[in-house]
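Listed here are the chains, written in short residue letters.
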There are 2 protein chains.
Amino acid sequence: MAGTDRKRAMIAEGPAIVLVEPQLGENIGMVARAMANFGLSDLRLVNPRDGWPSEKARQAASKADHVIDATQVFETLEEAISDLHFVYATTARERDGFKPVRGPVEAGQTLRAKFREGQATGILFGRERWGLKNHEVALADEIVTFPVNPAFASLNIAQAVLLMSYEWMNSGLSDVTETAFTHNDMTPATKEETFGLFDHLEEALDARGYFRPEDKKPKMVDNLRTLLARRGLFSQEIHVLRGVINSLDRYSRKRPRGSGAPDEIASQPNERPDNG
Amino acid sequence: MAGTDRKRAMIAEGPAIVLVEPQLGENIGMVARAMANFGLSDLRLVNPRDGWPSEKARQAASKADHVIDATQVFETLEEAISDLHFVYATTARERDGFKPVRGPVEAGQTLRAKFREGQATGILFGRERWGLKNHEVALADEIVTFPVNPAFASLNIAQAVLLMSYEWMNSGLSDVTETAFTHNDMTPATKEETFGLFDHLEEALDARGYFRPEDKKPKMVDNLRTLLARRGLFSQEIHVLRGVINSLDRYSRKRPRGSGAPDEIASQPNERPDNG
């Protein structure tokens, strides 16, 4: 049928999410939301218990209307996946049979590899309480199972869809360490800046008799330098710390900055260069 | 206080999950469920809007009672994380500041590394609508953000907790390809078994005049062998296929197996060895 062909021809952005006999409209909506977070929008329902469309699903979908609007409904699983090339079945229980079993990370990578080859892929999710039947799993290519705590395994459908959608997103990142944003313009400090911090602090402490007794000074200096150096400080952070040291050094409680009085260093006979 | 000390001394199985001013008891319950799936049970609430305990939370937690029962409540975030050594803050928006920003995979690995060093860790999650405030993020060591579709980013707290708990579990797997179960006792076929399949099928087809005309036979044989060899068949699968070929070869619709009549091969003058 032309309408169906047009729908099926829509450019795949990723795997189709296929829910087999979903029971609750609310769960379908939460599935749509989970999908949208990770850029998926091809939702297919096989014989939903309460029919379609579903107002509960639309409400639970929140702003994922575009997924709800494009949802396709089929009477059988065979029809729902007939245009696909490669399909995963999600299961929690071990099944007899020949199917390879993968974890979600590997499954995400396989789906991505197939996608890049131009294949249409899909992932099957079963009924809320009973999952998929063996003959439904048999229609898939591989099984994916989640690494849940065996003592408490209770992922619901929307959570399972969330995890697979997330791994789909991960598989498309050139580097899993990349993030949408990073810390603003931070640059690591050079040794020169670090040594500048050492000198600044040591001089201020020395002037106060901190390094006593004399024979302990080398060790105390080394400990302090190790403490400062081990921090992986950014240039900008060294700048902040030097401002902190400067405040403690130049000003006092009695004569704070802004009090109009000459600062503690300026009022010393041997004036230090201004490095604030 | 002795009671608090006892609670805090409980052996950490993983990061503490810290919810800052959670608004809905139902969300707290769903968080507890998400945690339990991946072996986490240290849930801490900072100034929950509707107080504690919460019947809605307990109901939504379903069987994750053990998490609800052990939930600790604090008035301030500082108190909630005072015993921890390393803390992640989850944020969706970019924040000014010095904090390193990680994706969930890397964050999970960092949490695992710290855990193995004996450090107590935690992950902060903010309010349903407003997330964490900047001064709360400032108390953490690093930021973790999820690779969501910027056009539709709507992970709720329970989903964010699910993803971090999942990555915590992943980081503890010796190999992310390992699964709780695998396909039953399947062993790849040897070449001998594969060649046996070739011979069996080719002989049955040859006897039926399949390889015609004669000059095309070598190519047809090669194509068929490539088709069969490319499948990555298990020993057990070859066994099944040979049974299929045997059925097609030995029996006919008129004289099926069980009909009592001699099979198609046995009734041939040159009886083939029984290889069914």
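Everything discussed here concerns the structure shown above.
What you see is a predicted model; the values in this text were computed from it and never measured.

Q: Looking at this structure, how should I read the sheet that holds strand β7 (residues 142–144) of chain B?
A: The strands that make up a sheet pair up through hydrogen bonds in the backbone, lying either parallel or antiparallel. All names here are of chain B. The strand order across the open sheet formed by seven strands is β3-β2-β1-β6-β4-β7-β5, and the pairing between neighbours is parallel. If you trace the sheet from one side to the other, it starts and ends with β3 (72–74) and β5 (101–102), each paired once. Two elements, strand β1 (residues 16–20) and strand β6 (residues 121–125), share four bridges in a ladder whose sense is parallel. Within the sheet, the bridge partner assigned to A16 lies in β6 and is G122. Taken strand by strand, helix α8 (residues 157–172) contacts β1, β6 and β7, and its axis lies near 155° from that of β6.

Q: How do you make sense of the packing of aromatic side chains when you look at a structure like this?
A: The way to describe two aromatic rings as a pair is by their centre distance and the angle between their planes. Evaluation of the coordinates by the stated rule reveals eleven aromatic pairs over all chains. With a centroid separation of 5.8 Å and 65° between ring planes, the pair formed by F38 of chain B and Y166 of chain B is classed as edge-to-face. Of this pair, F38 of chain B sits in the loop between α2 (25–37) and β2 (43–46) while Y166 of chain B sits in helix α8, placing them 128 residues apart in sequence. Positioned above the aromatic ring of W168 of chain A is the side chain of R112 of chain A, whose terminal nitrogen or guanidinium carbon lies 3.6 Å from the ring centre.

Q: What should I look at first to understand empty space enclosed by the protein in this one?
A: Rolling a probe over the atoms, with the probe sized like a water molecule, indicates the empty space that remains. All names here are of chain A. Per the counting criterion, the structure on display carries one cavity of 30 Å³ or more. By volume, the largest cavity is sized at about 30 Å³. Lining the largest cavity, in full, are Q23, L24, G25, I28, P48, D50, G51 and S54. A breakdown of the residues in the lining of the largest cavity according to their chemical character gives three nonpolar, four polar and one charged.

Q: Looking at this model, I keep getting lost on the pairing of strand β1 (residues 16–20) of chain A. Mind explaining?
A: If a strand is regular, its side chains alternate between the two faces of the sheet. Residues and elements named next belong to chain A. Most of β1 is tucked away, with five of its five residues classed as buried. Note: β1 against strand β2 (residues 43–46), four bridges, orientation parallel. Each residue of the ladder has a partner; that of I17, found in β2, is L43. The parallel pair β1 and β2, bridged by helix α2 (residues 25–37), forms a crossover whose chirality is right-handed.

Q: Explanation requested: the relation of the copies chain B and chain A in the structure shown.
A: The relation between the two chain copies is a rotation about an axis coupled with a shift along that axis. Relative to chain A, chain B is turned by 180° and slid 0.0 Å along the rotation axis, the superposed coordinates differing by an RMSD of 0.1 Å. Expressed as an axis order, the relation between the two copies is that of a two-fold axis.

Cut-offs and rules
Residues numbered from 1 in each chain as written. Chains lettered and ligands numbered in written order. Predicted model: local features only at pLDDT ≥ 70, side-chain atom pairs only at ≥ 80, totals over all residues. Heavy atoms only, no water. Pairing = 2+ DSSP bridges. Helix = DSSP H or I, 4+ residues; strand = E, 2+ residues; numbered from the N terminus. Contact = heavy atoms within 4.5 Å. Axes fitted to C-alpha atoms, helices over the stretch in contact; angles between N-to-C directions. Phe/Tyr/Trp six-rings, centres within 6.5 Å; stacked < 30°, edge-to-face > 60°. Lys NZ or Arg CZ within 6 Å of the ring centre and 35° of its normal. 1 Å grid on protein atoms, 1.4 Å probe; cavity = no way out; pocket = protein on both sides within 12 Å on 5 of 7 lines; lining within 4 Å. Points joined across faces, edges and corners; volume = space filled by probe spheres on them. Nonpolar A, V, L, I, M, F, W, Y, C, P; charged D, E, K, R; others polar. Buried < 20%, exposed > 50% of the residue type's maximum accessible area, 1.4 Å probe, protein only. Right-handed = clockwise from strand over helix to strand, strands pointing away. Least-squares fit on C-alpha atoms with pLDDT ≥ 70 in both.

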